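Spelled out, the chains give:
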Amino acid sequence: MNLLITGGCGFLGTNLVGHLASHRPEYHLTVFDLLTYAGAKSNIKSLISKGSVAFVQGDICYPDQLDKVLEYGIDMVINLAAETHVDRSILDPGDFVRSNVFGVQVLLDCCRKKSVPLMHISTDEIYGPAPKGVSFREDAAFSPSSPYAASKASADLLILAAVRTYGQEAMIIRPVNNLGPYQYPEKLIPLFVDRLMRGLPVPVYGDGKQTRYWLYVDDFCSAVELAIEGFSKGECHNLSSQTEISNIDLTRQLIEIIGCKQELIRHVDDRPGHDRRYAIDGSKFVNKFGWLPKFELDRALRNTVKWYQDNPGWLKSRKTKEFEQYFDRQYGSL
Ligand code: TYD
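Conventions used here
Residues numbered from 1 in each chain as written. Predicted model: local features only at pLDDT ≥ 70, side-chain atom pairs only at ≥ 80, totals over all residues. Heavy atoms only, no water. Pairing = 2+ DSSP bridges. Helix = DSSP H or I, 4+ residues; strand = E, 2+ residues; numbered from the N terminus. Axes fitted to C-alpha atoms, helices over the stretch in contact; angles between N-to-C directions. Near = heavy atom within 4 Å. Polar contact = N/O pair within 3.5 Å; in protein donor to acceptor, adjacent residues only side chain to side chain. Buried < 20%, exposed > 50% of the residue type's maximum accessible area, 1.4 Å probe, protein only.

*Asks:* So what's going on with the sheet that holds strand β9 (residues 211-216)? Which residues, and what values?
*Replies:* Pairing is mixed across the open sheet formed by three strands, whose spatial order is β7-β9-β11. Each edge of the open sheet carries a strand with a single partner, namely β7 (177-179) and β11 (244-246). Strand-to-strand twist in this sheet, taken as the mean axis angle between neighbours without regard to direction, amounts to 50°. Two elements, β9 and β11, share three bridges in a ladder whose sense is antiparallel. When the bridges of β11 are listed, R212 appears paired with I245.

Structural data, given as structure tokens:
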């Protein structure tokens, strides 16, 4: 299997590339990544130098760049190239439309020309907020709240349209929130872990009672591994976990694991359009692939905290001037 992983130097991409390199050594892996602020080639450096992974720097918005890399006889593309941070999408939506909508259309067109199947990684956020007791199935209506979620919903629509119009080989996976190593420190968990480790206050939006489901990134990777083998054209699959938790309880748990003071919690202005709850029904994927997440939240959080504690150099290298500017713009003088 000759796999092209677009966005393979970001959080999910890095973990997926590492997972496949060790669990599927027979695969030939090529990473295609633009290396924007959230992607780092150094994340996969050891795999590149061992020859387990080939790397091409490129942008999914440019068909000539994709055409060139698809010439290598690629059997499947897994698309993880995306702008992913909701707060940034509220500040500057344009980049999200470019990468997550236009880029996906270009990728679809290039894959179709070469008859290469596309597995696209979407998000539970496309369904919008779920009322208490409700979890959305794959055929639920889209009701995105943020520009990020709207851009991801748009991509899903373009992909489903290509399946119907051209019979294109494409499938979609919609996971809940992921946690684990290599996540850029703008997201709740790495941001809070980094600050708590340094004894700094953490910004909880609003009352912190918004809830999310969390999936450890290793479980996400094992699910994608199964989906590669059982690729099913035109299918959408939710990927959920058993663990729903409020942001405030999650923050308290992180504080306990790290061993610092609960007084470091600061309630700050809520995110505009903040969805109170995401919840999806993941039974379709579980029934089809016999997959179940192996990591309970407590173990996932402890592994994640330990990884950031053991890799201070990684966190430091990601906190560039650009990060500092974003942080000041988003949080002011916290
Ligand atoms: P995030 O990691 O940005 O993921 P998403 O918005 O895609 O779910 O945020 C997870 C939750 O944490 C979300 O409800 C927003 C909240 N949050 C905070 O309360 N404070 C923060 O500083 C951040 C980044 C997120």
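*Asks:* Go over the site of the ligand with me, naming the residues and quoting the values.
*Replies:* Not every one of the 18 residues close to the ligand is listed here, only the nearest: E125, P203, R271, H274 and Y331. Here an oxygen atom of the ligand and a side-chain polar atom of N177 are 2.9 Å apart. Note that an oxygen atom of the ligand is positioned 2.8 Å from one of the backbone N or O atoms of Y205. Going through the elements one at a time, α4 (86-91), α7 (188-197) and β8 (202-205) are the ones with two or more residues in the shell around the ligand.

*Asks:* Quick one: what's the story with the pairing of strand β1 (residues 2-6), residue by residue and with numbers?
*Replies:* Burial of β1 is extensive: five of the five residues sit out of reach of the surface. On β1, burial covers both faces: N2, L4 and T6 on one face and L3 and I5 on the other are all buried. When β1 meets strand β2 (residues 28-33), the two strands line up parallel, connected through five bridges. By the bridge assignment, T6 is partnered in β2 with F32.

In short, geometric facts, not functional conclusions.
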